[in-house]
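Summary of the model geometry
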Amino acid sequence: MSDYGSSLDKAREDFFAEAQELIDGLGRDVLALDARLKQNAPAHELINDVFRGVHTLKGLTGLFGATLMLSVSHELEDVLDDLRLGRLALSPEVLDIVFGAVELYGKLLIAERGQAPEPTGEVRALLNALGNAGVQGADARASPIARYELDPALLGVLTEYEEHRLRAAIESGAHLFKLRVTFSLMSIDTALEDLKQRARTYGEIITYLPSASATSGDDIELEVILASPDSAVTVADALADLSVAVEEIARAQPLPAPPRMGSRLSPTSSLLPPFADLVAPQGIDAPRDSLGPPSLALGASLRSVSQTVRVDIRKLDNLMNIVGELAIVRTSLLEVVERLRLRAGQREIATDLQRLHRAFERHLAKMQGGILEVRMVPLGQAFEKLARIVRQLSREHDKEVNLVVTGAETEIDKLIVEELSDPLMHMIRNSIDHAIESPHERARVGKPAAGTIVVNAYQKGNQVVIEVEDDGRGIDEDRVVASALRLGMITHDEARDLPRRDILSLLFRPGLTTRDAAGDTSGRGVGMDVVKTNIAKLGGIIDVSGESGIGTKITITMPITLAIIRVLMVSVAGRIYAVPLPAIEEAIAFDERLVRAYDGREVLTQRGATLPICRLRKLFGHDAAPALPTEPRGRAGFVVIASVGGRRAGFVVDKLLAHQDIVIKSLGKTLRGVRGFAGAAELGDQRVGLVVDMAQLIDDALDYSGVHHQPAGALS
Amino acid sequence: MLHVLVVEDSASMRGYIRAILEDAGGSDALGVCAVTLAPSGFEAMRQLPRRAFDLMITDINMTDINGLELIRFVRTSQHLMATPVVVISTQSSSQDVARAMALGADGFLAKPFNAEALRAACLCARAARGGG
């Protein structure tokens, strides 16, 4: 059978994935819980969801030896158990602790992977807080369950939680019903979901009991215990078309009206009318024939409850690579077609082959689209954490902040979502720490007391745009300029007539701050320059705009996927190269006469700054190719100005061709050592071109500009 | 080879149990097992009629059909009643465990557990049902 060690490794990988999912789910549930608490709405289902999440995490962390997470889970589970069993009331203070725990889980999981030190101090603080959360005293009242003629066999299969819910329902004056229904095992998932949805509007489902006696191989008979404030007639009517037999569970004896505690649906009658008058006997014990499986989902196959699979993204990368290789096979295939076509007597075969080739091309494109689609996840995943941050920081800073999120359903590459969380979080921290004023200050300038941060995302062609906009005090341009002067980033002359846009772009330079003292949450050394670098690594662009006193808007434009990149095609000595667009600042005409020698390398002066240049003809060993005809005023070719991580250089090319989206394909083992190229790509015109690695080329250009490099010539 | 049905709503817990039961290095009487996984009580009800399982391992706290209901189902169904059942749950839910045993579970294992404990619990449960 399978190898134990590797199965365990796989189980451990699954553990990380599942734990992350659980933590994300907890984050969502806790936020929803917060909203319910504010509206005074019932929250028992959510509390139980959170409990179950923590319960599962506890089991997992125990198995996989994550001891810190285990101890947090252990204490947290106790508090949540008290909450869900009604022994502890849900207060904002308790919820704060739960919020803190969910935050800490995220850090602990990272630490567990060995990617960060263990936050032992925070764990100790949380454990203390959980220990002090306390229980308000056990529920000592006589069990109201005794008032109902409950089958002891039913009680015997209820979990502690289900029993608690049953008790709570009876205390709130609800009636109990037994719904008997038969499902086909084939279609039970959808049919049960229908029943749940319908029943939920009338009350709470306590449990589902499969009945063994009446079950054939294909059917399953269920007894569903429903607690509802409505009458048997109402419930039976509501579920009539689902072939459900409704039976009210009788009370032991008529009782005065039970206390109605917070029941938003008032019962139709406090005294229960005689049971037999309400439900006709044939309704209770209807013949089994009439209880056939719901006629839903004919031909439905045997499906499991979950229709999703979890896939390591590297597997998708691998698939994408294969698609890239197939694309190159396709190109070669077309060459064969062309050769055949030229041969006498082979026309017919050539035409057939051409047709096959086209079909191949079409399916390949579909396959590529399919793989890309699998990688896509909603951006909402990155936004969920933001809501927690906003809640936490605004409380810490005594500021009121509303977070408005739109476009959370916008889809983007899974890898990008993961990497976006930190930059977004940093931007939100900046907004709350620096931009949004205190309620008092806001009142003084006539703004509403609560500040607003709007996060808006939308798709724009092959890109996703994310805007983070706040209505805070905006960016004080004078302070930005002053700070830049102090740091020597600009001269006094430049400062005098620096355009607005350029002033704002100074914000992304390392070290710049408009604050004198570092704030609690931002200004700890991670600046907007880091945000910009992280975004740029993913091929994204960041831009800031805003009005002093009115607000700030930061716009991030990301490629929709990392598997496809946008390039500018350039030609050098008749060969085509692809330059990734995010690395390009601009392209200008090249004028030979403006080239100067400086410090042993060729430079141009561009807007007062010295720009080292590198002639790609020379670098790639195409010196022997016929020179470009020089235009009348000394112009020949173009300079593509690229910048990566603040390092800039200009690259001289012959022609600028088109923009294109390409699937980048690695060069394979033999060429892995070649510097300056990120991979190869099919260019769409049946040719394969090399994709340059701008970061490496810039490094080389700055180190030994213009020096011919040995491997490049081997690539033509 | 013993056929084991594992009913558990956590994927990594399922994977962990499967790794232990399918371990070819296990030299005890349990040997290498064939494992069928069910992520929910309903899925278990689908799997149960398909083949005779030599053992069922189930969690208790699951949505919809919980582990207790599943045990009752097995114990009251003519074809399944002799199936040994091992319950896995956390120590904290003692009432749930007591109920499981009252319903006819043959063994209980508290999470977290290691490979030896799981294999031992399986063997004991089979012995208790007179299966081996």
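All figures in this text were calculated on a predicted structure; none of them were measured in a lab.

**Looking at the overall build of chain A**
- The number of helices and strands found in chain A is 22 helices and 22 strands.
- When burial is assessed residue by residue, chain A has 46% of its 716 residues classed as buried.
- A separation of at least 24 residues holds for 70% of the contacts in chain A among residues at least 6 apart in sequence.

**Looking at the overall build of chain B**
- Regarding its fold elements, chain B presents five helices and five strands.
- In chain B, the succession of helices and strands from N to C terminus is β-α-β-α-β-α-β-α-β-α.
- Taken across its 132 residues, chain B has 66% of its residues classed as buried.
- Taking all contacts inside chain B whose residues are at least 6 apart in sequence as the whole, residues at least 24 apart take part in 66%.

**Regarding unusual backbone geometry**
- Of the consecutive residues Lys111(B) and Pro112(B), the connecting peptide bond is found in the cis state with omega at -5 degrees.
- With respect to the helices and strands, Pro112(B) occurs in the loop between strand S5 (107-111) and helix H5 (115-128).
- One non-glycine residue, Asp398(A), adopts positive backbone phi at about 55 degrees.
- Tracing the backbone through its elements, the reader meets Asp398(A) in the loop between helix H14 (380-396) and strand S6 (401-406).
- Unlike most non-glycine residues, Asp64(B) shows phi in positive territory, near 55 degrees.
- Inspection of the secondary structure puts Asp64(B) in the loop between strand S3 (55-59) and helix H3 (67-76).

**Section: the pairing of strand S1 (residues 3-7) of chain B**
All names here are of chain B.
- Judged by how many residues are buried, S1 sits mostly within the fold: four of five residues are covered.
- Both S1 and strand S2 (residues 34-38) contribute to a ladder of five bridges, which runs parallel. Looking across to S2, one finds that Val6 is bridged to Leu37.
- The sheet contact formed by S1 and S3 spans four bridges and is parallel. Among the inter-strand pairings, Val7 is bridged to a residue of S3, identified as Thr58.

**Thoughts on the interface of chain A and chain B**
- At the interface, 49 residues of chain A touch 43 residues of chain B.
- When chain A packs against chain B, close to 4,000 Å² is buried across both sides, 60% of that on carbon and sulfur atoms.
- At the junction of chain A and chain B, the tally comes to three salt bridges.
- Between the two partners, chain A and chain B, sit 13 residue pairs in polar contact (both at pLDDT 80 or more).
- Every element with two or more residues in the side of chain A that touches chain B is listed here: helix H1 (4-39), helix H2 (44-63), helix H6 (152-155), helix H7 (160-171), helix H8 (188-200), strand S2 (204-211) and strand S3 (219-228) of chain A.

**Points about the pattern of salt bridges**
- Inspection of the entire model under this criterion finds 38 salt bridges over all chains.
- The salt bridge involving Arg615(A) is made with Glu592(A); its shortest N-O contact spans 2.6 Å. Residue Arg615(A) is located in strand S17 (residues 609-615), and its partner Glu592(A) is located in the loop between strand S14 (584-591) and strand S15 (596-598); the two are separated by 23 residues in the primary sequence.
- Its relative accessible area of 40% is what places Glu592(A) among the partly exposed residues.
- Linking Arg75(B) and Asp106(B) is a salt bridge whose minimum nitrogen-to-oxygen distance equals 2.9 Å. With Arg75(B) in helix H3 and Asp106(B) in the loop between helix H4 (94-103) and S5, this pair connects stretches of sequence that are 31 residues apart.

**Re helix H12 (residues 313-342) of chain A**
All names here are of chain A.
- Helix length check: H12, at 30 residues, gives a terminal C-alpha distance of 44 Å against a target of 44 Å (1.5 Å per residue), a fit within 8%.
- Of all the residues in H12, the buried ones are Ile313, Leu316, Met320, Val323, Gly324, Ala327, Arg330, Thr331, Leu334, Val337 and Leu340.
- Along its buried surface, H12 packs onto helix H13 (347-375), strand S7 (411-413), helix H15 (414-435), strand S20 (655-663) and strand S21 (677-682).

**Observations concerning the confidence of the model for chain A**
All names here are of chain A.
- The predicted model of chain A has a mean per-residue pLDDT of 77, with 82% of residues at 70 or higher.
- Considering only residues more than four positions removed or in separate chains, one finds that residues 253-306, a stretch of pLDDT under 50, has 77 contacts.
- Note that residues 704-716 has pLDDT below 50 and, in this model, 23 contacts with residues that lie over four places away or in other chains.

**Structural notes on the environment of Val663(A)**
- In this fold, Val663(A) is placed in strand S20.
- Sequence separation between Val663(A) and Met320(A) is 343 residues, and the spatial gap between their C-alpha atoms is 8.1 Å.

**Points about the packing of aromatic side chains**
All names here are of chain A.
- Scanning the model with the defined rule gives five aromatic pairs over all chains in all.
- On the numbers, 4.6 Å between centres and 40 degrees between planes, the contact of Tyr577 with Phe620 is tilted. Taken together, the residues Tyr577 in strand S13 (residues 575-580) and Phe620 in the loop between helix H21 (616-619) and strand S18 (635-644) connect sequence positions 43 residues apart. As far as the burial class goes, Tyr577 and Phe620 line up, both buried.
- An angle of 40 degrees between the planes, with centres 5.2 Å apart, marks the rings of Phe620 and Phe677 as tilted.

**Describing the packing of helix H3 (residues 67-84) of chain A against helix H4 (residues 92-112) of chain A**
Residue and element names in this part refer to chain A.
- Between H3 and H4, the shortest axis-to-axis distance is 11 Å and the interhelical angle comes to 155 degrees. Relative to H4, H3 is oriented roughly antiparallel. The interaxial crossing formed by H3 with H4 has left-handed handedness. Taking contact as the criterion, the partners of Leu68, Met69, Val72, Ser73, Leu76, Val79 and Leu83 in H3 are, on H4, Val94, Val98, Ala101, Tyr105, Leu108 and Leu109.
- Tallied by class, residues from the contact of H3 with H4 come to twelve nonpolar, one polar and no charged.

**Let's talk about the sheet that holds S2(A)**
Residues and elements named next belong to chain A.
- With respect to topology, four strands assemble into an open sheet ordered S2-S3-S1-S4, the strand pairing being antiparallel. If you trace the sheet from one side to the other, it starts and ends with S2 and strand S4 (245-248), each paired once. Going across the sheet, the axis of each strand differs from the next one's by a mean of 25 degrees, ignoring polarity.
- Docked against the sheet, H7 engages strand S1 (175-184), S2 and S3, running at close to 130 degrees with respect to S2.
- Contacts from H8 reach S1, S2 and S3 within the one sheet, and its direction differs from that of S1 by about 160 degrees.

**Some details on the sheet that holds S13(A)**
Residues and elements named next belong to chain A.
- The strand order S20-S12-S13-S22-S21 describes an open sheet built from five strands, whose pairing is mixed. Since the sheet does not close on itself, it has two edges, and those belong to S20 and S21, each with one partner. Sheet twist, expressed as the average angle between the axes of neighbouring strands with direction ignored, equals 35 degrees.

**With respect to the nonpolar core**
- Counting residues in each nonpolar core, the largest one holds 64 residues, and the members touching the most others are Tyr105(A), Ile17(B), Leu21(B), Ile57(B), Phe113(B) and Leu118(B).
- Here the element with the most residues in this core is H4(A); it accounts for eleven residues.
- Those residues in contact with Ile17(B), other than ones at most four positions away along the chain, are Val6(B), Ile57(B), Ile88(B), Phe113(B) and Leu118(B).
- Among the nonpolar cores identified, the runner-up in size contains 60 residues, and Leu158(A), Leu176(A), Leu192(A) and Ala227(A) belong to it.

**Structural notes on the pairing of S13(A)**
All names here are of chain A.
- Counting buried positions along S13 gives five out of six residues, so the element sits mostly inside the fold.
- As consecutive antiparallel partners, strand S12 (residues 564-572) and S13 are separated by two residues, and within that stretch Ala573 has a phi angle of approximately 50 degrees, a positive value.
- Sheet topology places S13 next to strand S22 (residues 688-692); two bridges connect them, and they run parallel. In the sheet register, Tyr577 faces S22, and the bridge partner there is Leu690.

Procedures and definitions
Residues numbered from 1 in each chain as written. Chains lettered and ligands numbered in written order. Predicted model: local features only at pLDDT ≥ 70, side-chain atom pairs only at ≥ 80, totals over all residues. Heavy atoms only, no water. Helix = DSSP H or I, 4+ residues; strand = E, 2+ residues; numbered from the N terminus. Buried < 20%, exposed > 50% of the residue type's maximum accessible area, 1.4 Å probe, protein only. Contact = heavy atoms within 4.5 Å. Pairing = 2+ DSSP bridges. Buried area = accessible area lost by both parts, 1.4 Å probe. Salt bridge = Lys/Arg side-chain N within 4 Å of Asp/Glu carboxyl O. Polar contact = N/O pair within 3.5 Å; in protein donor to acceptor, adjacent residues only side chain to side chain. Expected span 1.5 Å × (residues − 1). pLDDT = per-residue confidence, 0-100. Phe/Tyr/Trp six-rings, centres within 6.5 Å; stacked < 30°, edge-to-face > 60°. Axes fitted to C-alpha atoms, helices over the stretch in contact; angles between N-to-C directions. Parallel < 35°, antiparallel > 145°, perpendicular 65-115°, else oblique. Left-handed = near helix turned anticlockwise from the far one by under 90°. Nonpolar A, V, L, I, M, F, W, Y, C, P; charged D, E, K, R; others polar. Core = buried A, V, L, I, M, F, W, Y, C linked by side-chain atoms within 4.5 Å.

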